[in-house]
Amino acid sequence: MTGFIGQALIHIVPFLVVLTFIVTIHELGHFLVARAFGVKVDRFSIGFGRALFSRTDRKGIEWRIGWIPLGGYVKFSGDLDASSVPDQAGLDELKSRVSAEHGSAAVKDYFHFKPVWQRALIVAAGPLSNFALALVLLTLLFSVIGEQIVAPRVAQVTPNSPAAAAGFQPRDLITAINGRPVAESSEVTQTILLSANDPLTFTVQRGEQVVSLIATPVRQLEDDAVAGRMRVARVGLALAPLREDYSYRRLNPVEAAGKGVDTTVSVVTTTFRYLGRIFVGKESGDMLNGPLGIAKAAGGVTKQAVSYEAPPAVLMMNLLLTYLQFAAIISIGMGIVNLLPIPVLDGGHLMFYGYEAVARRPVPARVQEVGYRVGLALLAGLMLFATWNDLQKLSLFKFLGGLA
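This one's a predicted model, so the numbers in the text were calculated from it and none came from an experiment. (Residues numbered from 1 in each chain as written. Predicted model: local features only at pLDDT ≥ 70, side-chain atom pairs only at ≥ 80, totals over all residues. Heavy atoms only, no water.)

### Quick word on helix α3 (residues 116-145)
Definition in use: Runs of E in the DSSP output that reach at least two residues are strands. Runs of H or I that reach at least four are helices, and both are numbered from the N terminus. To estimate how far a helix should reach, multiply one less than its number of residues by 1.5 Å. Bend angle per residue: angle between axes fitted to the 7 residues ending at that residue and the 7 residues starting there.
Between its terminal C-alpha atoms α3 stretches 43 Å, which fits the 44 Å expected from 30 residues at 1.5 Å a residue. Remark: the principal bend of α3, roughly 40°, maps to A125, with a proline, P127, within the next four residues. Phi turns positive one or two residues past the end of α3, at G146, with a value near 75°.

In C-alpha cells:
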C-alpha cells in the first residue's frame, strides 16, 4: 500500500493536477468566446462520465466535474453529443423545434446556426488558449528566474562515434550548425535529436582557429530519468561548459514576454518539424507520449525538483516553478494536437469550416459523417501508438514497482 501511495503521489497526482489545469483553460477558451457571441451553453464539464460534482447556475449552465479526469468538453445547446458532431437531419429537427418553441429569432443563439467565422473562432479559442497559457507561464518563469545561457562546449567525445570520426576534440566550442548560429547547449542537442541520419555541418571555435566538421547523428537506445527508454539521435558528444561559458541576465516583464514568445514558437515549430519527419519516415515516433509517458515525465520532474538538499520552502518553490514549466510544455502539446486536421479534433472542425467559407456551403453531411468516423479511428490509432510507445520506453512493472 505504501508503494502504491508513493507512486501515486510522485506520478499520477502531478499528472492529473497539471492535465486538469490545462484542460480547464482549453475548455474555458471555447466557453468564453462562445458566450461572447451569445451562444447558449448547456454544460461545462471537466472530466467525463458520471458527475462527482454538478451545479446549475442562473443561466441554466451546468458546471460539472466527471469521475474520469482525462479531458473535458463544453456542450452547446442543441449539440447531439459532447463533441458537437453535426448531423444534418438532427440540425433540421433542432431548427424546427427551436423555431416552434421560441420563435425563429432564437435559432441564432445556437452554435450550429452561427456564422461560420464565429464558429471557427469558438473552435480555435481552445488551442489558442493553450498557447496563451504557455506564454503566460513562461513569461512568469523568465520574470522570476531570468535567463541562463550555457554555451555548447565539448567536454568529451565518445570513441568510434560520428563525432570522433568528424574530428571533434574536447574544449571545442560549437558556434553554428548548418550555418545557423547557436549560443546554447540546448540548441545543439535539439538540432541533433531532430536530424537522425542527416549530415550536419558544425562550425567550431578551437582556440584561435575556426574549423568546420561534418557529423551524421545516429539513433541509439537510452534510458532517460524523465522520459524513459527511447531511441534518440546522437553524434557522441558530451557537452559541459567551462566557467566562462555561463552567462545570466535578469529579464524585465517585456523581455520575459519576448522570451516566452520565442520559446513557445520554438516548441511549436520543433514539434511540427518532428511530426513532419515522422510522416515522411525519417523519425520512428519514439518521442511521442501517451498518458503513461506523461505521467512518467511528471514523476521524473517531481523527483528532480526535490532531489537536492535545501530548506523545505526552497524545495517547494523549486517544485512549483518546475510544475509551471512542465505545464507550459504540456499545454503547447495539447494545443498542437487539437489543431491537427483530424475530424473530431478542433483542427478537423476548422478544416470543415474553411471549406464552408470558401464554397459558401457546408461540407456534405455524408462526407462529414465519414470524416468523423475516420477521425475517430485515426485518433484511436494515435492513442494506441502513443501508449505502445509508453510501454516500450518504460518497464510497466518497474513503473508500477511498489504496487505489489
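Now that the structure has been shown, we can carry on.
### Overview of the nonpolar core
Note that soluble globular proteins tend to have their nonpolar side chains buried in a common cluster. Selection rule: What makes a nonpolar core is a set of buried Ala, Val, Leu, Ile, Met, Phe, Trp, Tyr and Cys residues whose side-chain atoms join them at distances within 4.5 Å. Buried residues are those whose accessible area, probed at 1.4 Å on protein chains only, stays under 20% of the maximum for their type, while exposed residues exceed 50% and partly exposed ones sit between those limits.
Counting residues in each nonpolar core, the largest one holds 39 residues, and the members touching the most others are I22, F76, F111 and I332. The set of elements that each furnish at least two residues to this core consists of α1 (2-36), β1 (41-56), β2 (62-76), α3, α6 (253-279) and α8 (312-339). Ranked by residue count, the leading element in this core is α3, at ten residues. By size, the runner-up hydrophobic cluster in this structure holds 17 residues, among which are I177, V188, I192 and F202.

### With respect to the packing of α3 against helix α9 (residues 346-359)
Our working definition: Inter-axis angles, ranging from 0 to 180 degrees, are taken between N-to-C directions of lines fitted to C-alpha atoms, where helices are fitted over the stretch in contact. Just so you know how the angles are binned, under 35 degrees is roughly parallel, over 145 roughly antiparallel, 65 to 115 roughly perpendicular, and the rest oblique. Helix crossings get a hand from a simple test, with the near helix turned counterclockwise from the far one by less than a right angle marking a left-handed crossing and a clockwise turn marking a right-handed one. Note on contacts: a residue pair is in contact if any heavy atoms of the two residues lie within 4.5 Å. Residue classes follow a fixed rule: Ala, Val, Leu, Ile, Met, Phe, Trp, Tyr, Cys and Pro count as nonpolar, while Asp, Glu, Lys and Arg count as charged, and any other residue, Gly among them, counts as polar.
Running from N to C, α3 and α9 point in directions that differ by 160°, and their axes come no closer than 9 Å. Relative to α9, the element α3 is oriented roughly antiparallel. For the element pair α3 and α9, the recorded crossing hand is left-handed. Across the interface between the two elements, V116, R119, A120, V123, A124 and P127 of α3 pack against D346, H349, L350, Y353, E356 and A357 of α9. Among the residues forming the contact of α3 with α9, the class breakdown is eight nonpolar, one polar and three charged.

### Some words on the packing of aromatic side chains
Formally: Only Phe, Tyr and Trp rings are paired, with Trp represented by its six-membered ring, and only when their centres lie within 6.5 Å; those with planes under 30 degrees apart are stacked, over 60 edge-to-face, the remainder tilted.
This structure, assessed with the given rule, holds eight aromatic pairs. Considering the side-chain rings of F76 and F111, the 4.7 Å spacing of their centres and the 10° angle between planes classify their relative orientation as stacked. Here F76 is found in strand β2, whereas its partner F111 is found in the loop between α2 (88-102) and α3, with 35 residues between them in sequence. The class for F76 is buried, based on a relative accessible area of 5%. Residue F111 is classed as buried on the basis of its relative accessible area, which comes to 2%. With a centroid separation of 5.2 Å and 80° between ring planes, the pair formed by F168 and F202 is classed as edge-to-face.

### Considerations on the packing of α3 against α6
Relative to each other, α3 and α6 sit at 130°, their axes nearing to 8 Å. The angle between α3 and α6 places the two elements in the oblique class. Regarding α3 and α6, the two cross each other, and that crossing is right-handed. Residues F131, A134, L135, L138, T139, F142 and S143 of α3 pack against P253, A256, A257, K259, G260, V261, T263, T264 and V268 of α6. Class assignment of the residues belonging to the contact of α3 with α6 gives a composition of ten nonpolar, five polar and one charged.

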